[in-house]
Amino acid sequence: MAADPLSLIRAQGRVPRHVAVIMDGNGRWASGRGLPRHAGHWEGMKAVREAVEGACEAGVEILTLFAFSTENWKRPQSEIDALMQLLGAYAESEHEELAGHGVEVRVLGEVSRLDSAARAAVELMENATRGGAVLRLNLMVSYGGREEIVRAVRRLAEQVRRRRLDPEAIGEDTVERMLFTHGLPDPDLLVRTSGELRISNFLLWQLAYTEFHVAPVLWPDFRREDLFAAILDYQRRERRFGRVSTR
């Protein structure tokens with residue numbers, strides 16, 4: 001009988017502290033069933049629950065989900081409206097359970113671009129789950145990696161202009177403090193669903209030494225067992241961070 005993947009993960013002991021996920025394939029899942037694209041987004045909410053619960057079970061400390069990119073603002077207004085409604089529905093239906101499981105939710109990105117209802121949903125989730133100590137769940141909303149770096153450069157340039165910062169003092173730590181993820185460790189593992197081999201403008205600074213795992217399933221079909229498979233794959237890797245192998 002095959003060993004339980006969760007038992008194997010615990011036996012290995014080296015669990016990724018921070019897992020990031022590009023949730024891809026909602027539209028293709030819906031199209032393959034003759035449904036409108038927004039139906040795939042709604043079905044994907046079940047996969048979010050699976051990923052969160054699986055992360056808690058495996059001992060992951062930080063889970064970062066790419067929920068809505070800056071490029072998504074270019075999609076048809078009907079799809080954007082559906083995604084904003086989904087954010088509200090997720091906040092309303094999940095905030096109590098998330099808090100009960102010790103999950104602290106933070107929504108990171110250009111939140112000011114969201115409509116008032118979506119911003120209220122963000123506030124509800126963050127306030128209801130504040131202080132959760134089991135898992136930090138980051139929902140990246142209205143987020144783009146290049147835009148994040150440009151934002152950081154502008155903020156640093158303004159500090160230099162005001163003579164609050166010496167350009168010679170700017171280093172990696174200085175830049176990191178200007179990112180949406182400041183104070184968090186970089187992801188150890190990136191999981192992308194749907195079999196696609198690209199990072200889609202996600203966490204461009206933070207993924208410098210992250211291990212990648214591509215899952216073949218479309219996001220609405222993603223289950224905690226797929227997360228466990230990604231973690232087991234990670235545990236077989238040797239992370240060298242540019243150094244010579246120790247093997």
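Residues numbered from 1 in each chain as written. Predicted model: local features only at pLDDT ≥ 70, side-chain atom pairs only at ≥ 80, totals over all residues. Heavy atoms only, no water.

## A short note on the overall build of the chain
Inclusion rule: Numbering of helices and strands runs from the N terminus, with a helix taken as a DSSP run of H or I at least four residues long and a strand as a DSSP run of E at least two residues long. Only protein chains enter the area calculation, which uses a 1.4 Å probe; residues under 20% of their type maximum are buried, those over 50% are exposed, and those in between are partly exposed.
Scanning the chain for helices and strands turns up 8 helices and 6 strands. The linear arrangement of helices and strands in the chain, starting from the amino end, is α-β-α-α-β-α-β-α-β-α-α-β-β-α. With respect to the three principal axes, the spread of C-alpha positions in the chain is 65 × 55 × 35 Å. With 247 residues in all, the chain has 49% of them scored as buried.

## What to know about the pattern of salt bridges
What counts here: One speaks of a salt bridge when a side-chain nitrogen belonging to Lys or Arg is within 4 Å of a carboxyl oxygen belonging to Asp or Glu.
If you walk through the whole model with that rule in mind, you get 19 salt bridges. Between Glu61 and Arg17 there is a salt bridge, with the nearest N and O atoms lying 2.9 Å from each other. One end of the pair, Glu61, is in the loop between helix H3 (37–58) and strand E2 (62–69); the other, Arg17, is in the loop between helix H1 (5–12) and strand E1 (18–22), and 44 residues separate them in sequence. Among the residues examined, Glu61 registers a relative accessible area of 41% and is labelled partly exposed. Between Glu57 and Arg224 there is a salt bridge whose closest N-O contact spans 2.6 Å. Of this pair, Glu57 sits in helix H3 while Arg224 sits in helix H8 (residues 224–235); the two residues are 167 residues apart in sequence, bridging distant segments of the chain.

## Side note on the pairing of strand E6 (residues 211–214)
This is how it is decided: Here a strand pair is declared whenever DSSP counts at least two bridges between the two strands.
Alternating residues of E6 divide into Glu211 and His213, all buried, and Phe212 and Val214, none buried. Alignment of strand E5 (residues 189–192) against E6, held across 4 bridges, turns out to be parallel. Bridged to Arg192 within E6 is Val214.

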